[in-house]
Amino acid sequence: MTEKSRELAASVMKDGISQAALEVLKQHGYEGLTMDRVAEVAGVAKGSIYHYFRNKQELVTHVFEQIIEPAIQAGEEIVQKASPALQKLEAMVRMWLEYFSQHRSLFDFLFRDPAVRELCFTSQRAKHGLAIERFRAIVQQGIEEGVFRSLEPVVVAEMIIGALQFVIERQLETGESRPIDETVQRLLDVFVHGIGRSEAQAATG
(Lines give C-alpha, C1' and ligand atoms only; values in the text may rest on other atoms or scores of the structure.)
Protein backbone atom coordinates (compact mmCIF):
# COMPACT_ATOMS: atom_id res chain seq x y z
CA MET A 1 0.00 0.00 0.00
CA THR A 2 1.39 3.39 -0.97
CA GLU A 3 1.79 6.23 1.51
CA LYS A 4 -1.10 8.11 -0.09
CA SER A 5 -3.32 5.02 0.15
CA ARG A 6 -2.43 4.57 3.82
CA GLU A 7 -3.25 8.21 4.55
CA LEU A 8 -6.61 7.88 2.78
CA ALA A 9 -7.44 4.69 4.70
CA ALA A 10 -6.51 6.35 7.99
CA SER A 11 -8.67 9.37 7.15
CA VAL A 12 -11.65 7.14 6.34
CA MET A 13 -11.16 5.21 9.57
CA LYS A 14 -10.93 8.40 11.66
CA ASP A 15 -14.05 9.80 10.00
CA GLY A 16 -15.96 6.61 10.78
CA ILE A 17 -14.82 6.60 14.39
CA SER A 18 -15.72 10.27 14.87
CA GLN A 19 -19.21 9.70 13.43
CA ALA A 20 -19.67 6.81 15.84
CA ALA A 21 -18.46 9.01 18.69
CA LEU A 22 -21.01 11.66 17.76
CA GLU A 23 -23.79 9.06 17.89
CA VAL A 24 -22.62 7.89 21.33
CA LEU A 25 -22.46 11.50 22.54
CA LYS A 26 -26.03 12.10 21.42
CA GLN A 27 -27.28 9.00 23.22
CA HIS A 28 -25.16 9.00 26.37
CA GLY A 29 -23.52 12.42 26.73
CA TYR A 30 -19.87 13.05 27.46
CA GLU A 31 -19.79 11.05 30.69
CA GLY A 32 -21.25 8.07 28.86
CA LEU A 33 -18.79 8.33 25.99
CA THR A 34 -16.55 5.26 26.29
CA MET A 35 -14.19 3.70 23.78
CA ASP A 36 -16.11 0.43 24.12
CA ARG A 37 -19.35 2.09 23.02
CA VAL A 38 -17.65 3.94 20.19
CA ALA A 39 -16.01 0.73 18.99
CA GLU A 40 -19.35 -1.09 19.05
CA VAL A 41 -21.10 1.62 17.01
CA ALA A 42 -18.19 1.97 14.59
CA GLY A 43 -17.87 -1.79 14.19
CA VAL A 44 -14.15 -1.83 14.97
CA ALA A 45 -11.93 -3.17 17.72
CA LYS A 46 -11.35 -0.85 20.66
CA GLY A 47 -7.61 -1.06 20.02
CA SER A 48 -8.16 0.44 16.59
CA ILE A 49 -9.61 3.56 18.15
CA TYR A 50 -6.58 4.02 20.40
CA HIS A 51 -4.42 3.79 17.30
CA TYR A 52 -5.91 7.12 16.16
CA PHE A 53 -7.05 8.79 19.39
CA ARG A 54 -5.27 8.60 22.73
CA ASN A 55 -8.38 9.39 24.76
CA LYS A 56 -11.95 10.59 24.47
CA GLN A 57 -10.88 14.23 24.77
CA GLU A 58 -8.93 13.90 21.54
CA LEU A 59 -11.88 12.12 19.97
CA VAL A 60 -14.37 14.85 20.87
CA THR A 61 -11.96 17.53 19.65
CA HIS A 62 -11.69 15.71 16.32
CA VAL A 63 -15.49 15.51 16.06
CA PHE A 64 -15.76 19.28 16.56
CA GLU A 65 -12.97 20.00 14.09
CA GLN A 66 -14.69 17.86 11.48
CA ILE A 67 -17.84 19.91 11.94
CA ILE A 68 -16.12 23.25 11.42
CA GLU A 69 -13.70 22.16 8.67
CA PRO A 70 -16.11 23.09 5.82
CA ALA A 71 -16.39 26.61 7.28
CA ILE A 72 -12.60 26.86 7.39
CA GLN A 73 -12.40 25.89 3.72
CA ALA A 74 -15.18 28.33 2.80
CA GLY A 75 -13.31 31.13 4.57
CA GLU A 76 -10.17 30.45 2.55
CA GLU A 77 -12.16 30.55 -0.70
CA ILE A 78 -13.66 33.92 0.25
CA VAL A 79 -10.26 35.44 0.99
CA GLN A 80 -8.78 34.16 -2.29
CA LYS A 81 -11.54 35.61 -4.48
CA ALA A 82 -10.81 38.62 -6.67
CA SER A 83 -13.49 40.71 -4.97
CA PRO A 84 -13.51 44.12 -3.24
CA ALA A 85 -12.78 44.03 0.49
CA LEU A 86 -16.31 45.11 1.45
CA GLN A 87 -17.78 42.19 -0.47
CA LYS A 88 -15.32 39.80 1.14
CA LEU A 89 -16.11 41.12 4.60
CA GLU A 90 -19.85 40.71 4.07
CA ALA A 91 -19.34 37.23 2.59
CA MET A 92 -17.20 36.16 5.55
CA VAL A 93 -19.63 37.47 8.17
CA ARG A 94 -22.55 35.87 6.34
CA MET A 95 -20.72 32.56 6.00
CA TRP A 96 -20.06 32.38 9.76
CA LEU A 97 -23.68 33.11 10.63
CA GLU A 98 -25.18 30.86 7.94
CA TYR A 99 -22.94 27.95 8.89
CA PHE A 100 -23.97 28.31 12.51
CA SER A 101 -27.63 28.47 11.50
CA GLN A 102 -27.39 25.41 9.25
CA HIS A 103 -25.79 23.35 12.02
CA ARG A 104 -27.64 24.99 14.92
CA SER A 105 -29.03 21.76 16.38
CA LEU A 106 -25.59 20.16 16.41
CA PHE A 107 -23.94 23.18 18.01
CA ASP A 108 -26.76 23.32 20.56
CA PHE A 109 -26.07 19.70 21.43
CA LEU A 110 -22.29 20.06 21.63
CA PHE A 111 -22.41 23.19 23.77
CA ARG A 112 -25.07 21.84 26.13
CA ASP A 113 -22.59 19.57 27.92
CA PRO A 114 -20.09 21.68 29.94
CA ALA A 115 -17.22 19.23 29.37
CA VAL A 116 -17.82 19.07 25.62
CA ARG A 117 -18.29 22.83 25.50
CA GLU A 118 -14.88 23.41 27.08
CA LEU A 119 -13.19 20.99 24.68
CA CYS A 120 -14.83 22.73 21.72
CA PHE A 121 -13.80 26.16 22.97
CA THR A 122 -10.23 24.92 23.43
CA SER A 123 -10.16 23.60 19.87
CA GLN A 124 -11.74 26.81 18.61
CA ARG A 125 -9.15 28.97 20.37
CA ALA A 126 -6.38 26.95 18.74
CA LYS A 127 -7.69 28.09 15.35
CA HIS A 128 -8.00 31.77 16.25
CA GLY A 129 -4.72 32.54 14.50
CA LEU A 130 -6.09 31.30 11.18
CA ALA A 131 -9.35 33.25 11.53
CA ILE A 132 -7.48 36.41 12.55
CA GLU A 133 -5.17 36.14 9.54
CA ARG A 134 -8.10 35.87 7.13
CA PHE A 135 -9.94 38.86 8.53
CA ARG A 136 -6.64 40.75 8.75
CA ALA A 137 -6.07 40.16 5.04
CA ILE A 138 -9.53 41.52 4.22
CA VAL A 139 -9.03 44.58 6.41
CA GLN A 140 -5.59 45.22 4.89
CA GLN A 141 -7.08 44.96 1.40
CA GLY A 142 -9.80 47.46 2.39
CA ILE A 143 -7.18 49.90 3.66
CA GLU A 144 -5.26 49.61 0.40
CA GLU A 145 -8.47 50.15 -1.57
CA GLY A 146 -9.20 53.26 0.49
CA VAL A 147 -12.54 52.01 1.84
CA PHE A 148 -11.32 51.31 5.40
CA ARG A 149 -9.52 53.66 7.77
CA SER A 150 -5.83 53.07 8.30
CA LEU A 151 -6.13 51.12 11.56
CA GLU A 152 -4.09 48.19 12.82
CA PRO A 153 -5.52 45.28 10.73
CA VAL A 154 -4.85 42.58 13.34
CA VAL A 155 -6.63 44.51 16.09
CA VAL A 156 -9.61 45.17 13.83
CA ALA A 157 -9.71 41.48 12.87
CA GLU A 158 -9.72 40.46 16.53
CA MET A 159 -12.62 42.82 17.25
CA ILE A 160 -14.67 41.53 14.33
CA ILE A 161 -14.14 37.91 15.35
CA GLY A 162 -14.94 38.73 18.96
CA ALA A 163 -18.23 40.34 17.95
CA LEU A 164 -19.19 37.42 15.71
CA GLN A 165 -18.39 34.82 18.33
CA PHE A 166 -20.38 36.64 20.97
CA VAL A 167 -23.42 36.93 18.69
CA ILE A 168 -23.25 33.17 18.00
CA GLU A 169 -22.56 32.12 21.59
CA ARG A 170 -25.29 34.40 22.88
CA GLN A 171 -27.82 32.63 20.68
CA LEU A 172 -26.63 29.29 22.03
CA GLU A 173 -27.01 30.52 25.61
CA THR A 174 -30.44 32.11 25.19
CA GLY A 175 -31.89 29.76 22.58
CA GLU A 176 -32.92 32.66 20.36
CA SER A 177 -32.52 32.77 16.59
CA ARG A 178 -31.73 36.07 14.91
CA PRO A 179 -32.50 36.76 11.21
CA ILE A 180 -29.27 36.30 9.27
CA ASP A 181 -29.73 39.13 6.77
CA GLU A 182 -30.60 41.60 9.51
CA THR A 183 -27.72 40.47 11.72
CA VAL A 184 -25.22 40.67 8.86
CA GLN A 185 -26.27 44.22 7.99
CA ARG A 186 -26.19 45.39 11.59
CA LEU A 187 -22.74 43.96 12.19
CA LEU A 188 -21.40 45.39 8.94
CA ASP A 189 -22.87 48.79 9.74
CA VAL A 190 -21.03 48.85 13.06
CA PHE A 191 -17.81 47.39 11.61
CA VAL A 192 -17.67 49.79 8.68
CA HIS A 193 -19.29 52.96 10.04
CA GLY A 194 -18.84 52.68 13.80
CA ILE A 195 -21.39 53.81 16.37
CA GLY A 196 -20.67 57.53 16.28
CA ARG A 197 -23.10 59.91 14.58
CA SER A 198 -21.88 62.01 11.70
CA GLU A 199 -21.84 65.80 12.04
CA ALA A 200 -24.79 66.00 9.65
CA GLN A 201 -26.80 63.51 11.72
CA ALA A 202 -25.96 65.34 14.93
CA ALA A 203 -27.03 68.66 13.43
CA THR A 204 -30.44 67.31 12.41
CA GLY A 205 -30.99 65.61 15.77
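Remember, it's a predicted structure, so these values are computed and weren't measured experimentally.

### Some thoughts on the confidence of the model for the protein chain
- Per-residue pLDDT for the protein chain averages 87, and the proportion of residues at 70 or more is 96%.
- At the low end of the mean pLDDT range in the protein chain sits helix α11 (residues 199-204), at 51; at the high end sits helix α5 (residues 85-102), at 94.

### Focus on the pattern of salt bridges
- For the structure shown, the criterion picks out eleven salt bridges.
- Among the salt bridges present, the one from Arg-134 reaches Glu-76, with a minimum N-O distance of 3.2 Å. Placement of Arg-134 in helix α8 (residues 128-145) and of Glu-76 in helix α4 (residues 56-80) is noted, with a sequence separation of 58 residues between them.

### Considerations on the layout of surface pockets
- Computed from the structure, the largest pocket encloses a volume of approximately 520 Å³.
- Contributing to the lining of the largest pocket are 17 residues, with Leu-151, Val-156, Val-190, Phe-191 and Val-192 lying nearest its centre.
- Of all the secondary-structure elements, those providing two or more residues to the lining of the largest pocket are α8, α9 (153-174) and α10 (180-193).
- In terms of residue class, the lining of the largest pocket is built from 13 nonpolar, two polar and two charged.

### Re the packing of α5 against α9
- The interhelical angle for the contact between α5 and α9, taken along N-to-C directions, is 20°, at an axis separation of 11 Å. When the axis of α5 is compared with that of α9, the two are roughly parallel. Handedness of the α5/α9 crossing: right-handed. On α9, the residues touching Leu-89, Val-93, Trp-96, Leu-97 and Phe-100 of α5 are Ile-160, Ile-161, Leu-164, Gln-165, Val-167, Ile-168, Gln-171 and Leu-172.

What counts, and where the lines are drawn
Residues numbered from 1 in each chain as written. Predicted model: local features only at pLDDT ≥ 70, side-chain atom pairs only at ≥ 80, totals over all residues. Heavy atoms only, no water. pLDDT = per-residue confidence, 0-100. Helix = DSSP H or I, 4+ residues; strand = E, 2+ residues; numbered from the N terminus. Salt bridge = Lys/Arg side-chain N within 4 Å of Asp/Glu carboxyl O. 1 Å grid on protein atoms, 1.4 Å probe; cavity = no way out; pocket = protein on both sides within 12 Å on 5 of 7 lines; lining within 4 Å. Points joined across faces, edges and corners; volume = space filled by probe spheres on them. Nonpolar A, V, L, I, M, F, W, Y, C, P; charged D, E, K, R; others polar. Axes fitted to C-alpha atoms, helices over the stretch in contact; angles between N-to-C directions. Parallel < 35°, antiparallel > 145°, perpendicular 65-115°, else oblique. Left-handed = near helix turned anticlockwise from the far one by under 90°. Contact = heavy atoms within 4.5 Å.

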